[in-house]
Amino acid sequence: MGVQLNIKDAETIRLAKELAGSSGETITATIRTALEREQRARAEKLEDALRFVRELSAEFMANLPPEWEGKTSKQIMDSIYDDDGLPL
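Residues numbered from 1 in each chain as written. Predicted model: local features only at pLDDT ≥ 70, side-chain atom pairs only at ≥ 80, totals over all residues. Heavy atoms only, no water.

1. Thoughts on the pattern of salt bridges
Line of reasoning, step 1. Evaluation of the coordinates by the stated rule reveals six salt bridges.
Line of reasoning, step 2. Across the salt bridge formed by Glu47 and Arg54, the nearest N and O atoms sit 3.3 Å from each other.
Line of reasoning, step 3. Glu47 gets classed as partly exposed once you look at its relative accessible area, which sits at 34%.
Line of reasoning, step 4. Of the charged contacts, one joins Asp48 and Arg51 as a salt bridge, the two residues approaching to 2.7 Å between their closest N and O atoms. Remark: Arg51 and Asp48 occur in helix H2 (residues 27-62); sequence separation between them is three residues, near one turn of the helix.
Line of reasoning, step 5. Residue classification places Asp48 among the partly exposed residues on the basis of a relative accessible area of 42%.
Line of reasoning, step 6. Residues joined in a network through salt bridges with shared partners are Glu11, Arg14 and Glu18. (Salt bridge = Lys/Arg side-chain N within 4 Å of Asp/Glu carboxyl O. Buried < 20%, exposed > 50% of the residue type's maximum accessible area, 1.4 Å probe, protein only. Helix = DSSP H or I, 4+ residues; strand = E, 2+ residues; numbered from the N terminus.)

2. Topic: the packing of helix H1 (residues 10-23) against H2
Line of reasoning, step 1. Orientation of H1 relative to H2, taken along the N-to-C sense of each, is 100°, at an axis distance of 9 Å. Comparing the axis directions of H1 and H2 gives the class roughly perpendicular. Mapping the contact onto sequence places Ala16, Lys17, Leu19, Ala20 and Ser23 in H1 and Ile27, Thr30 and Ile31 in H2.
Line of reasoning, step 2. For the contact of H1 with H2, the class distribution of residues is five nonpolar, two polar and one charged. (Axes fitted to C-alpha atoms, helices over the stretch in contact; angles between N-to-C directions. Parallel < 35°, antiparallel > 145°, perpendicular 65-115°, else oblique. Contact = heavy atoms within 4.5 Å. Nonpolar A, V, L, I, M, F, W, Y, C, P; charged D, E, K, R; others polar.)

3. Notes on a nonpolar patch on the surface
Line of reasoning, step 1. Residues Phe52, Val53 and Leu56 make up a contiguous nonpolar surface patch of roughly 300 Å² in combined accessible area.
Line of reasoning, step 2. Within the fold, Leu56 resides in helix H2.
Line of reasoning, step 3. Looking at Leu56, the relative accessible area reads 46%, which means it is partly exposed. (Patch = residues over 30% accessible without salt bridge, like charges linked within 9 Å, V, L, I, M, F, W, Y side chains within 5 Å. Areas by Shrake-Rupley, 256 points an atom, 1.4 Å probe, with all protein chains shown as cover.)

Next comes the structure, spelled out in structure tokens:
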């Protein structure tokens, strides 16, 4: 196969053996399953965060004042702050 993983941490080895023993799988299969589960969990967490940002962005855009429609963020900032950065 050519690829190896050498785990030198005793606690990690103990946990892998314990989990493999309780699941009836090999240590390799147990580690693969755990890594796949973690990868899915991280992907789901990222998708949840992206979904939240999209929803927040849509809500923000739906509530923009009409006078800001079609303007760039610089144009909006220029309309509410003076050259010193103070509110108009």
